[in-house]
There are 2 protein chains.
Amino acid sequence: MNTAADLKKAGLKSTVPRLKILEVLESAPVRHLSAEDVYKKLLEMDLEIGLATVYRVLTQFEGVGLVIRHSFEGGRSVFELDDEGHHDHMLCLECGEVFEFFDKVIEERQKQVSKEVGFVLEDHSLYMYGVCEGMKTSGKCSMKKKKRG
Amino acid sequence: MNTAADLKKAGLKSTVPRLKILEVLESAPVRHLSAEDVYKKLLEMDLEIGLATVYRVLTQFEGVGLVIRHSFEGGRSVFELDDEGHHDHMLCLECGEVFEFFDKVIEERQKQVSKEVGFVLEDHSLYMYGVCEGMKTSGKCSMKKKKRG
DNA sequence: ATGTATGCAAAACATTTGCACCTGG
DNA sequence: CCAGGTGCAAATGTTTTGCATACAT
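(A) Structural view of the relation of the copies chain A and chain B. Once turned by 179° and shifted 0.0 Å along the axis, chain A lies on chain B with an RMSD of 0.1 Å. Both chain copies can therefore be described as sitting about a two-fold axis. Proximity to the rotation axis, assessed at the C-alpha, singles out A:Leu126 in chain A; its C-alpha lies 2.2 Å from the axis. Most of the interface of chain A is mirrored in chain B, where 100% of its interface residues are also at the interface.

Listed below in structure tokens is the structure:
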């Protein structure tokens, strides 16, 4: 895939920081990254991109729909490439891993409930916190990973 | 109800700041308050209680299950008295109002989905963002407030 | 060229913490 | 009296912003 084209399509000028940040998001083994995570990955790639720029770029990406920003518990935001369909998240409190899932019934009920009370639903976030099976038994996370992350 | 007793039952010494903060949470017309909100309410009551104390007390209350802390979008936490059963939230992006709802089907599906992938669900947060009907029409919020529907 | 993007440092917030003092039981 | 609670100020951690410089078109 051509990241430069993605940027142009989104109406953003193609610059080194933007291209590299997009690259990090696309290639990272973990899908959900904080601004700091992205910043560190860039440093590892010997790129001197300021943390402020990382924040600015991620916020722009969010604005044009390239990434999704999550506010998981604990204050800091995490960003995820918006390249697959909508899904919700499970967060393991033991290993910190983030799993994705999608449930048609839950999605439908949300629309239904909204309609019943006259609420125009635009967006939602569902985070389920718990412990993945692997942590309970072997002490390491073995829950089947869905997609990257 | 007797707030002093609530504190004692929770294993917390009954002090003026704690009693007053509990009082604010119980009597506020809006159920969901940030630490700053609580702090301001206290000032209005001519109580000189430091913001740091408000944070400490709210965190203790959360620890003993007297309040629930939410991380809605936008960084700051909001606190809600934990005096009714579990429910989820709808947030109006126009008027800022917070509505509560409960849907058995959604709750059940969450458990089901968790079980299917071997996830021990401990907690969850579902926030639905949108616009309440009143805002769309009259410009003011008129959605019927449903406490656990 | 020229308007936009970036880097750096400083600012802005939300929240926490250290410490001396005060308070409730 | 004494452990624990509180106030204040300073520290933290995250995200934003001002401004001079660098860059893409």
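Picking up after the structure, the text goes on.
(B) Looking closely at the sheet that holds strand S1 (residues 33-34) of chain A. Residue and element names in this part refer to chain A. With antiparallel pairing, three strands are arranged side by side in an open sheet as S1-S3-S2. The strands lining the two open edges of the sheet, one partner per strand, are S1 and strand S2 (67-70). The strands touched by helix H2 (residues 16-27) are S1, S2 and strand S3 (78-81); relative to S3, the strand with the most contacts, the crossing angle is about 80°. Taken strand by strand, helix H4 (residues 51-63) contacts S2 and S3, and its axis lies near 110° from that of S2.

(C) Representation of the interface of chain A and chain B in the model. Contact with chain A, which involves 35 residues of that partner, is made by 36 residues of chain B. When chain A packs against chain B, the two sides together hide about 3,100 Å² of surface, and 64% of this comes from carbon and sulfur. Per-residue buried area on chain A facing chain B is highest for A:Val117, A:Phe119 and A:Met128; these three make up 19% of the total on that side. Summed over the shared surface of chain A and chain B, the number is two salt bridges. Between A:Asp103 and B:Arg109 there is a salt bridge whose closest N-O contact spans 2.3 Å. Linking chain A to chain B there are 12 residue pairs in polar contact (both at pLDDT 80 or more). Taken together, the elements giving at least two residues each to the side of chain A that touches chain B come down to strand S4 (88-92), helix H5 (104-117), strand S6 (119-132) and helix H6 (133-137) of chain A.

(D) Structural detail: the protein's contact with DNA strand D. The full set close to DNA strand D counts 20 residues, and A:Tyr55, A:Ser77, B:Thr15, B:Thr53 and B:Arg56 are the nearest of them. Here, DNA strand D places atoms within 4 Å of the protein, and 73% of those atoms are sugar or phosphate. Take B:Glu48: an N or O atom from its main chain is 2.9 Å from a phosphate oxygen of DNA strand D. Elements with a contribution of two residues or more to the surface near DNA strand D: H4 of chain A together with helix H2 (16-27) and helix H4 (51-63) of chain B. When residues of the surface near DNA strand D are assigned to their parent elements, the largest contribution, five residues, is made by H4(A). Grouping the amino acids of the surface near DNA strand D by side-chain chemistry returns seven nonpolar, six polar and seven charged.

(E) The arrangement of the protein's contact with DNA strand C in detail. Among the 19 residues in the neighbourhood of DNA strand C, the closest are listed as A:Thr15, A:Thr53, A:Arg56, B:Tyr55 and B:Ser77. Counting only atoms of DNA strand C within 4 Å of the protein, the sugar-phosphate share comes to 73%. The side chain of A:Thr15 places a nitrogen or oxygen atom 2.9 Å from a phosphate oxygen of DNA strand C. Here B:Ser77 contributes a backbone N or O atom positioned 2.8 Å from a phosphate oxygen of DNA strand C. Going through the elements one at a time, H2 and H4 of chain A together with H4 of chain B are the ones with two or more residues in the surface near DNA strand C. Looking at side-chain class alone, the surface near DNA strand C contains seven nonpolar, six polar and six charged residues.

(F) Summary view of unusual backbone geometry. Unusually for a residue other than glycine, A:Asp46 sits at a positive phi of about 60°. Inspection of the secondary structure puts A:Asp46 in the loop between helix H3 (35-44) and H4.

(G) Structural context of the environment of A:Phe102. All names here are of chain A. Topologically, Phe102 is positioned in the loop between strand S5 (98-101) and H5. Residue Phe102 is classed as partly exposed on the basis of its relative accessible area, which comes to 43%. With 14 residues separating them along the chain, Phe102 and Asp88 place their C-alpha atoms 5.9 Å apart.

About the thresholds
The numbers attached to residues start from 1 for each chain and follow its sequence in the written order. Going through the entries in the order they are written, you letter the chains from A and number the ligands from 1. Local features are withheld for residues below a pLDDT of 70 in this predicted model, meaning they are given only at 70 or higher, and side-chain atom pairs are given and counted only at 80 or more; totals for whole chains, interfaces and linings count all residues. Side-chain numbers come from the whole structure's heavy atoms, not from hydrogens or water. The atoms used to superpose the copies are C-alpha atoms, taken from residues with pLDDT of at least 70 in both, and the fit is least squares. Here, residues are in contact when the closest pair of their heavy atoms is within 4.5 Å. Any two strands are treated as partners once DSSP identifies two or more bridges connecting them. Numbering of helices and strands starts at the N terminus; helices are DSSP runs of H or I of at least 4 residues and strands are runs of E of at least 2. Each axis is a line fitted through C-alpha atoms, and for a helix only the stretch in contact is used; angles between axes span 0 to 180 degrees, taken between their N-to-C directions. Put simply, buried area is how much 1.4 Å-probe accessible surface two parts lose in total, over both of them, once they are put together. When a carboxyl oxygen of Asp or Glu is within 4 Å of a side-chain nitrogen of Lys or Arg, the pair counts as a salt bridge. Nitrogen and oxygen atoms within 3.5 Å of one another constitute a polar contact, given that in protein one can donate a hydrogen and the other can accept it, and given that sequence-neighbouring residues count only through two side-chain atoms. We call a residue near a molecule or strand as soon as one heavy atom of that residue lies within 4 Å of the molecule or strand. Three categories are distinguished: nonpolar for Ala, Val, Leu, Ile, Met, Phe, Trp, Tyr, Cys and Pro, charged for Asp, Glu, Lys and Arg, and polar for the others, with Gly belonging to the last. Throughout, exposure labels follow a simple rule: accessible area from a 1.4 Å probe, protein chains only, divided by the maximum for the residue type, with under 20% read as buried, over 50% as exposed, and the rest as partly exposed.

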